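# Secondary and tertiary structure notes
So the chains spell out like this:
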Amino acid sequence: MSSIDRSQSAGGTRTYEVRTYGCQMNVHDSERLSGLLEDAGYVRAPEGADGDADVVVFNTCAVRENADNKLYGNLGRLAPRKVSRPGMQIAVGGCLAQKDRDTIVKRAPWVDVVFGTHNIGKLPVLLERARVQEEAQVEIAESLEAFPSTLPTRRESAYAAWVSISVGCNNTCTFCIVPALRGKEKDRRPGDVLAEVEALVAEGVSEITLLGQNVNAYGSDMGDREAFSKLLRACGTIDGLERVRFTSPHPRDFTDDVIAAMAETPNAMPQLHMPLQSGSDPVLKAMRRSYRQDRYLGIIEKVRAAIPHAAITTDIIVGFPGETEEDFEQTLHVVREARFAQAYTFQYSKRPGTPAAEMDDQIPKAVVQERYERLVALQEEISWEENKKQVGRTLELMVAEGEGRKDGATHRLSGRAPDNRLVHFTKPGQEVRPGDVVTVEITYAAPHHLLAEGEVLGVRRTRAGDAWDKRNTAEQAKPVGVMLGLPKIGAPEPQPAVAGGCGCD
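Residues numbered from 1 in each chain as written. Predicted model: local features only at pLDDT ≥ 70, side-chain atom pairs only at ≥ 80, totals over all residues. Heavy atoms only, no water.

### Thoughts on unusual backbone geometry
Each neighbour pair has its own omega, and for threonine 247 with serine 248 the value is -10°, a cis peptide bond. You will see that glutamate 134, though not glycine, has its phi angle at about 55°, which is positive. With phi around 60°, aspartate 361 is a residue other than glycine that occupies positive phi space. Its relative accessible area of 57% is what places aspartate 361 among the exposed residues. (Buried < 20%, exposed > 50% of the residue type's maximum accessible area, 1.4 Å probe, protein only.)

### Re the UniProt feature "binding site: [4Fe-4S] cluster 1" (unreviewed entry) in the protein
Cross-referencing UniProt, the feature "binding site: [4Fe-4S] cluster 1" (unreviewed entry) maps to Cys23, Cys61 and Cys95 in the present numbering. Sequence-wise these annotated residues cover 73 residues; spatially they are packed, their C-alpha atoms never more than 10.5 Å apart. In this fold, cysteine 61 is placed in the loop between strand 3 (55-60) and helix 3 (67-83). With respect to the element layout, cysteine 95 can be found in helix 4 (residues 95-99). Cysteine 95 sits in the buried class, given a relative accessible area of 5%. Here cysteine 95 is in contact with Thr60, Cys61, Ala62, Thr117, Leu181 and Arg182, once residues within four sequence places are set aside. (UniProt positions renumbered as here; feature names shortened; annotations may be inferred. Helix = DSSP H or I, 4+ residues; strand = E, 2+ residues; numbered from the N terminus. Contact = heavy atoms within 4.5 Å.)

### So, the layout of surface pockets
Quantified by volume, the second largest pocket comes out at close to 360 Å³. Along the walls of the second largest pocket sit 17 residues, with Arg155, Ser157, Leu200, Glu203 and Arg471 positioned nearest its centre. Of all elements in the fold, only helix 2 (24-39), helix 8 (190-202) and helix 16 (463-476) reach the threshold of two or more residues within the lining of the second largest pocket. Counting residues per element, the lining of the second largest pocket draws most heavily on helix 16, at 4 residues. Broken down by class, the residue content of the lining of the second largest pocket amounts to 6 nonpolar, 4 polar and 7 charged. (1 Å grid on protein atoms, 1.4 Å probe; cavity = no way out; pocket = protein on both sides within 12 Å on 5 of 7 lines; lining within 4 Å. Points joined across faces, edges and corners; volume = space filled by probe spheres on them. Nonpolar A, V, L, I, M, F, W, Y, C, P; charged D, E, K, R; others polar.)

### Digging into the packing of helix 12 (residues 293-306) against helix 13 (residues 325-338)
Each pair of packed helices can be summarised by the angle the axes make with each other and by the distance between the axes. Contact pair helix 12 / helix 13: the axes reach a minimum separation of 11 Å and the direction vectors enclose 10°. Viewed along their axes, helix 12 and helix 13 adopt a mutual orientation that is roughly parallel. Taken together, the residues of helix 13 that come into contact with helix 12 (itself represented by Gln293, Tyr296, Leu297, Ile300 and Arg304) are Gln330, His333, Val334, Glu337 and Ala338. Here the residues of the contact of helix 12 with helix 13 are counted per class, giving 5 nonpolar, 3 polar and 2 charged. (Axes fitted to C-alpha atoms, helices over the stretch in contact; angles between N-to-C directions. Parallel < 35°, antiparallel > 145°, perpendicular 65-115°, else oblique.)

### Looking at the pattern of salt bridges
Summed over the entire model, instances satisfying the criterion amount to 30 salt bridges. With a closest N to O distance of 2.6 Å, aspartate 112 and lysine 82 form a salt bridge. On the criterion of sequence distance, the pair formed by aspartate 112 in the loop between helix 5 (104-107) and strand 5 (113-115) and lysine 82 in helix 3 is long-range, its members being 30 residues apart. The same class applies to aspartate 112 and to lysine 82, which are both buried. Measuring nitrogen to oxygen at the nearest pair gives 3.0 Å for the salt bridge that ties glutamate 386 to lysine 389. On the accessibility criterion, glutamate 386 (11% relative accessible area) is buried. Among the ionic contacts, a cluster of salt bridges with common partners joins Glu323, Glu325, Glu329, Glu370, Arg371 and Arg374. (Salt bridge = Lys/Arg side-chain N within 4 Å of Asp/Glu carboxyl O.)

### Some words on the nonpolar core
Ile208, Leu210, Phe228, Phe246, Phe254 and Val303 are the most contacted members of the largest nonpolar core, which totals 55 residues. With 6 residues, the single largest contributor to this core is helix 9 (residues 227-235). Formed by 34 residues, the second largest nonpolar core is a distinct cluster that contains Phe58, Met88, Leu96 and Met287. (Core = buried A, V, L, I, M, F, W, Y, C linked by side-chain atoms within 4.5 Å.)

This is how it looks when you write it as structure tokens:
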């Protein structure tokens, strides 16, 4: 029986698959796309369907030089499948769709729908219009039609959730195309944000990540420079909310009131992801980053003074146009001084449509690769040294789903420490569910994870674990033809979770 027959045997229900590329904002947008489709009567295709769904949606990213090649390669692989599958539809959305609106259907005429970053709510209508009219529908809004958090959402985790507080960005970094595609920053009203958080907690969520392209600039279009710190403190008053995180802040907007709020709000986690991009003042100037090395290291020093056990992570770009060996050495200097728990390092690649793509002195690939390898080696050494400091500590972990690839073979489970470090721990004798909390002692450190090899010291069953139980039971009870399966994207990862994303903060 073909896959289309399977869907018809379940009452004619059409299935969907969403493929997500890029940053955390895209991951959260995909939750909304899934929610919209399910609200319209579609069901998620079984896990591993790999394009064998009635509707395949690409939520694209445009920040890499070869992003379009990857998209058209994937579209090309679906073309023969669509020919053999009457009624199948393909939709392309996200940043690349916003940028290349006029060329996608020309290059891939078998695509049915193209939609942008500002009108994701139109997807079900556009799919139906394309079906009825039997021609491609291209609709790109130039500005935000409605704040996307008002849309239906299929949360990918029962115990942890993204909460978008703003969209867009007012910065003009020369390597980043996101502001041109996402638009100027628009902030949600604090009351709306807190109402969403409270609703999520009522459903069992115990961890939220406040999300924005430049999250700590929140309040800029409301005229309140302290709006973000106030929002953090307000989250601290919500009963049942155990962990609050945020991503990604910009050093320009990282003020003392934010540091105080992080330190004084009980459920604000001791973790900070703050992109550096470069340690060289001339390169930062060429990037149009509105801070310099001293300013950045000063913020790190203040955070560590207020929150001694904070784990600080960052993004770094290697090989920006014009970067000299001396410039690169300044980046290594900041890495040594800051002692990041992790650094997400990127080799510079041209973002079409950005000023940096047209700059002189593009660095040869071999030079970029050599510098990249030196940076990675240094950061690996520092990450390992910083993780070794955790050995002997007793930590509370929130049990995670799907983060330990070898857990089955090692008879372990995995969880996240308050500072977002990944910890693999011995499976206890009693049942432990994602969202529950365990207490362990760290016995071993590797550069990218910790181990707790002794017996679990304590297990606390939580409402979040109950919520995971409820969702898992409900999904397993669905008929095979419309089974949603387990989430593919998972809970919000430790930030920066979606490595290789925009890198534009």
